[in-house]
Amino acid sequence: SMIEKMDLIANVFPIIDGSGSMNSGINHNGVHLQNRQIAYAMAIAFSTRNPVEEFRNTYGWFSSNFYICGRSKFVSDAPNPHVSRKAFTRQVSDHQVLSETKTFTENLRALAAADPQDISSTNMFSSVEHFVDLVKNKGFHVEDLPNALLFITDNENNTGRSPKDAIALANSIGWHPLLIFWGLTVMSEHSVKNQLKGVHNTLFVGGFNEGALSQILRGIKT
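What you see is a predicted model, and the numbers here were worked out from it, not measured in a lab. (Residues numbered from 1 in each chain as written. Predicted model: local features only at pLDDT ≥ 70, side-chain atom pairs only at ≥ 80, totals over all residues. Heavy atoms only, no water.)

**Focus on the confidence of the model for the chain**
Overall, the predicted model of the chain reaches an average pLDDT of 77, with 73% of residues at or above 70. Every residue in residues 77-85 scores below 50 in pLDDT, and together they form 11 contacts with partners more than four places removed in sequence or on other chains. (pLDDT = per-residue confidence, 0-100. Contact = heavy atoms within 4.5 Å.)

In structure tokens:
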């Protein structure tokens, strides 16, 4: 249903919150769902239907570090004398890669198998640091980067940069991504929503209304 209603027209890169708090969840009609499992489902929708072919079937994880999974140009084997590649990339077996040709169930099992299970903390903007590093140290161009980062999260951000600092870092290389936060739970004192006040180029979407995000994606160019 969500896939049918979504209108993806922009190169939105989905990123899953892999922190420990994502193991909590909700009970719906007698079935307990972890936030982590809900994020799996949503990431499959956004990743397998990405209109930008080179971003399709790829996605990111963040907890204490940031990982990119799938066959992606953003996963580089080139050594960097300043940054440990192992801390920023994760090699994923072919059978764990998402594909728009697979069934939802097959993709769900594959994505769950690829979960790094690094649940030590919530460093949400290690993702922005990763993409900036690609431009500064790996020979990428700003034009190669996504127009928007979609964080599928339980709203917690308790380690690393603030949203304002992350935006400033991105802007320092001439990158002006739209940061979209799809929150799965109610807000706490550490909520990223509380950190977004006065921060430009950020959007917060709560709950499970795929129509709301479609409205955003349709207007993303403007």
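Additional details are given in the paragraphs that follow.
**Remarks on the pattern of salt bridges**
For the structure on display, the rule yields two salt bridges. Note that arginine 161 is salt-bridged to glutamate 129, the shortest N-O span being 2.8 Å. Taken as a pair, arginine 161 in the loop between β6 (148-153) and α5 (163-171) and glutamate 129 in helix α4 (residues 126-137) lie far apart in primary sequence, 32 residues in all. The class for glutamate 129 is partly exposed, based on a relative accessible area of 24%. A salt bridge links lysine 138 to aspartate 133; the shortest N-O distance between them is 3.4 Å. Note on lysine 138: relative accessible area 21%, which makes it partly exposed. With a relative accessible area of 10%, aspartate 133 lands in the buried category. (Salt bridge = Lys/Arg side-chain N within 4 Å of Asp/Glu carboxyl O. Helix = DSSP H or I, 4+ residues; strand = E, 2+ residues; numbered from the N terminus. Buried < 20%, exposed > 50% of the residue type's maximum accessible area, 1.4 Å probe, protein only.)

**Side note on helix α3 (residues 104-114)**
Helical geometry: 3.6 residues make up each α-helical turn, so side chains three or four residues apart lie on a common side. Restricting attention to buried positions, one finds in α3 the residues Asn107, Ala110, Leu111 and Ala114. Buried positions in α3, seen along its axis, are confined to an arc of 95° and lie on one side of it. Residues of α3 that are buried in the fold lie against β1 (12-17), α2 (35-48), β4 (59-62) and β5 (66-69). (Arc of directions from axis to C-beta.)

**What to know about the sheet that holds β5**
Sheet strands pair via backbone hydrogen bonds, and the direction of the pair is either parallel or antiparallel. Strand order in the open sheet formed by six strands is β5-β4-β1-β6-β7-β8, with mixed pairing between adjacent strands. At either end of the open sheet lies a strand with only one pairing partner, and these are β5 and β8 (202-206). With direction set aside, neighbouring strand axes in the sheet form an average angle of 25°. Across three bridges, the pairing between β1 and β4 is parallel. In the strand pairing of β4, aspartate 17 is matched with phenylalanine 62. Its contacts with the sheet place α2 against β1, β4, β6 and β7 (178-183), and it is angled at close to 160° to β6. Sheet strands touched by α3: β1, β4 and β5. Its angle to β4, the strand with the most contacts, is close to 40°. (Pairing = 2+ DSSP bridges. Axes fitted to C-alpha atoms, helices over the stretch in contact; angles between N-to-C directions.)

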